[in-house]
Each structure stands twice: as structure tokens, then as C-alpha cells.
Amino acid sequence: MEGGGEEILEPYKLGYSDLMLLSSSFSLESEEMERMQSVTREIMENLGPTGPGLITVIGVPGGSTLRQYLLPLSRKLALLNNEDRKRLLKEHSLGSDVPLKNLDRRVSSFAMQLKYVDFLDVAHDDASYIGVNGHADNVRYPDVEMLEKFQDNDFKNLGDKFKELGFCMMEIGHRLARICDRCIGGQELEQSLLESGTAKGRLIHYHSTMDNIILKEAATRKGSTEKSSNYKSFHDQSKLRGLETKLSENQSNLWQQWHYDYGIFTVLTTPMFMLPCFSQKTREDDCSCLSCGKECPSPSGHTYLKIFHPLKQRVLVVKASPESFIVQVGESADILSKGKLRSTLHAVYRPQELESLSRENFVVFLQPAWSKTLSLLDYAIEHSVSTDQHSGECADESHSTKQELSKLSQEIYKMVPPLSARLKDGMTFAEFSRETTKQYYGGSGLQSKR
């Protein structure tokens, strides 16, 4: 599906100081008010029915530092032996929502429920960041010395930093919900988030082909006298590289299949990419530990997050700076806003030319309370996936290009159960969540064997 229908998307960048201003109750001077109105229009256009359904937030205090500390730990956790990993997760109040004993898994995910009662205790007060002139005068940006200190501690601060970054991202989503509510009318989105009580944080490692080789080799050596969590016993690196080719032949070009998130907002860090130390042609140390990795630039310069824009009938490849936070609209926001926000159909692709490359990310899912009733009154349920009515968007394309784009959209939608089949008027969010999971991943789900 990586055809000519793709193009790079650099999402709208919302400054953190503007996020704070727009979500506050401060009165602004007329010139600043005009600028804020322009920013608000940009937000709603990008999150609304004619936009891509996502934006980025930049300049978040401490966000880059926390990302740089936390993301490399996802690979280390994923490649630990089960006993050590289980102990560490318990120590830091983390769990997992994927079967970690499956050696062929594409992702490892480490999760925690983040409570709004704790978030509200640490959330930034408007006055703490917004100066008398309406600017974020007191924002403190990432501290490099603090980052270097964190690196020495490895897993020691895992749970605390997980919550710290999680609360930071909850605040982004919470304040954005308030801004959207003011444009839509009412307080439906913000109140729905607060009533839920919790958000879900996930630290995610997207496995390289090499990672699965490491896991399988560790499993075969479980009885070895050497500690399997270090993976230092496998010295034949050329053998590993040979196995990469065999495994990559059976790997999908997707880390994550096409889907909609079904909550209100999904807030993500820009992903980090890593290579095993031994696979890098030049290195300063002599590390032979296969679980050790080093950050590397994205091979393509983008995130490998791809969205499908129904109006443009195109796959857009998201490009964002490392310090950015990406905010995507979920189906519940689409429903609660009566279509004034549009949910984002997306997937995560994996580069086929680099079998040793892994992808690390931290995600916070913001959703309504499980008991929240979803009403279809005044909501056109298929508006976000209707494609025929927007064929005029591609009027300037050649006939062959139009055919290619049409085929692409049909292939994508074959993998996505329609909202009308998953949601009935009056369903609770819990019922909608169960039905959505069933139709995607259940025994007869569209993605059950993918």
C-alpha cells in the first residue's frame, strides 16, 4: 500500500503557550485576541471534518527530557527475560495488555491506569505559566543535566517518569478538549474526560525482525548457566544477520494494522527509532549485548505513522519533530461533537529495508467513562468514512491515479469494521468498546489473523 497515493503531512503546530492561553480564563488584549482566534480556527480546521484529524503540540515543558529517558526503556523491557520483567513491572505498578510470551509478537506494550485525581494534583495552574502580558513567561524547557542523571539510573525511575510523562500528556488532551468545547458549545468533551476517572498510558516497543530472533534465541537457551536477560552468549553475529533475512520474508509491512482509536483523544510522543549496538557500523564501545540499543534518526525522516484522509482519498505520512506531541481524534470525540471533530484512520508501517530497526513510543488514551451513553441524535454515523461524495477532491488527478487511489481506499476499508456495525444509539462506551474490539480482533474479526 506504499504507492503513489501517499504524501508527507506536517501537522499544524500548536505552541504549548498558546494551548495554555486558549484554555485559560484570562482576558487578552485585542491584538492578542485576534491571534488567538486565528489559532483556534486552525485547530478546529485540522481536527474537524475537512482536516487530517490530528495536530502536534510543541514546546511542552520537560516533555523532550521525559521522552528521551522513557522511550529507550521500552526496548529493554521487551527483551528482558520473563522473570526479571515481571518483577520490574510489579515494582513500578505496570502491567501489559499484550501476550508477552508470544515470541512472534510485533509489539510489546507496558501499561498503567493514570488517575485524574492524581493528575489534577499536579496539573499546571494557568497563572504558573502565563505572565501578565498573556505569554508563557515562566515555562522551563528540558534540562540536559537532568536527562544525563536519569540515564545512569536505568529502570530506577521507570514508574515515576511514566506517570510524570503521562500526566503531562493528559494535560495536553484535557486542555485541548476544553478549547474544542468552547468552539462546539457546552462542556461535553472535558466533562467526559473528567468523569472517566482514568486515562491509559502505554509504553510501546515495536519489534524489529532482530528482536524476535533475540527472543527466540533466549527461549532456546533458558536452561543455560548464563543469564539470558543479557543475551551475551550469542557471539555469532553473522548467524544472526543471516536469520534476519529468513524472518523478514514472513513479516508484514505493518507494525499496526489500519484502525480508528475509539476514545476521545490519543496523545503520542513522536516515536524514537533504535538499532542494536552490534548492528551499527561505527560505535565507540565494544558492546556485544544484543538487548542494548542506540537511538538513530528515522530512515525516512518521518514517523511511519500514516493516516488515511477520506476527503483527499490519500494516505498521508506524518512527519513531526522529536520534541512534538501528536494528538489524534478518536471516534468518541467524533460522536460526542456530532461530527464537528473527525476521527483519524491510521496505521503504523515498518521499513522493510531495515530489519534491525525498532520503534519506541509512549501513548496516552483519553476516553469517556465506561458508563457514558453515546447518542446518535444529530450525528451522521458514516460521515467520517464516506468517500464517494468527496470524489471531487481528486478532480485534478489523472484517470489512472484516481483508480489507484480508489483501490487503495477499498483495501484499507476492508480491514476496518464500519462504525454503523459497531455502534447503536444508546450504547454505553463500555458496550461500544467491547463491540469494537470484537469486530476488529475477535474470532471472526476483520483483523483477527493479522
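Above: the structure in question.
Everything numeric in this text was worked out from a predicted model, so none of it was measured. (Residues numbered from 1 in each chain as written. Predicted model: local features only at pLDDT ≥ 70, side-chain atom pairs only at ≥ 80, totals over all residues. Heavy atoms only, no water.)

1. Concerning the pattern of salt bridges
Line of reasoning, step 1. Taken as a whole and judged by the stated rule, the model has 15 salt bridges.
Line of reasoning, step 2. Salt-bridge contacts for Glu7 lead to Arg314; the nearest nitrogen and oxygen are separated by 3.4 Å. Taken together, the positions of Glu7 in strand β1 (residues 6-9) and Arg314 in strand β11 (residues 314-318) put the pair 307 residues apart, joining distant regions of the chain.
Line of reasoning, step 3. Accessibility expressed as a relative area gives 31% for Glu7, which makes it partly exposed. (Salt bridge = Lys/Arg side-chain N within 4 Å of Asp/Glu carboxyl O. Helix = DSSP H or I, 4+ residues; strand = E, 2+ residues; numbered from the N terminus. Buried < 20%, exposed > 50% of the residue type's maximum accessible area, 1.4 Å probe, protein only.)

2. Section: helix α9 (residues 188-196)
Line of reasoning, step 1. By the burial criterion, the buried members of α9 are Leu189, Glu190, Ser192, Leu193 and Ser196. Here the buried residues of α9 occupy an arc of 165° about the axis, which is enough to place them on one side.
Line of reasoning, step 2. One or two steps after α9, the chain reaches Gly197, where phi turns positive at roughly 85°. (Arc of directions from axis to C-beta.)

3. Some words on the packing of helix α3 (residues 63-79) against helix α8 (residues 158-184)
Think of two packed helices as two axes; the pair is described by the angle between the axes and how far apart they sit.
Line of reasoning, step 1. Direction vectors running N to C along α3 and α8 enclose 130°, while the axes themselves pass 10 Å from each other. In this view, α3 runs oblique relative to α8, as classed from their interaxial angle. Seen from above, α3 lies across α8 with left-handed handedness. The segment α3 lies against α8, with Gly63, Leu66, Arg67, Tyr69, Leu70, Leu73 and Leu77 engaging Leu158, Lys161, Phe162, Glu164 and Leu165.
Line of reasoning, step 2. Across the contact of α3 with α8, the residue classes break down as 8 nonpolar, 1 polar and 3 charged. (Axes fitted to C-alpha atoms, helices over the stretch in contact; angles between N-to-C directions. Parallel < 35°, antiparallel > 145°, perpendicular 65-115°, else oblique. Left-handed = near helix turned anticlockwise from the far one by under 90°. Contact = heavy atoms within 4.5 Å. Nonpolar A, V, L, I, M, F, W, Y, C, P; charged D, E, K, R; others polar.)

4. Regarding the environment of Leu268
Line of reasoning, step 1. Position of Leu268 relative to the elements: it lies in strand β7 (residues 265-269).
Line of reasoning, step 2. Separated by 212 residues in sequence, Leu268 and Thr56 place their C-alpha atoms 9.2 Å apart.
Line of reasoning, step 3. Setting aside chain neighbours within four positions, we find Leu268 in contact with Met169, Ser324, Phe325, Ile326, Gln328, Asn361, Phe362 and Val363.

By themselves, these observations are geometric and do not establish any function.
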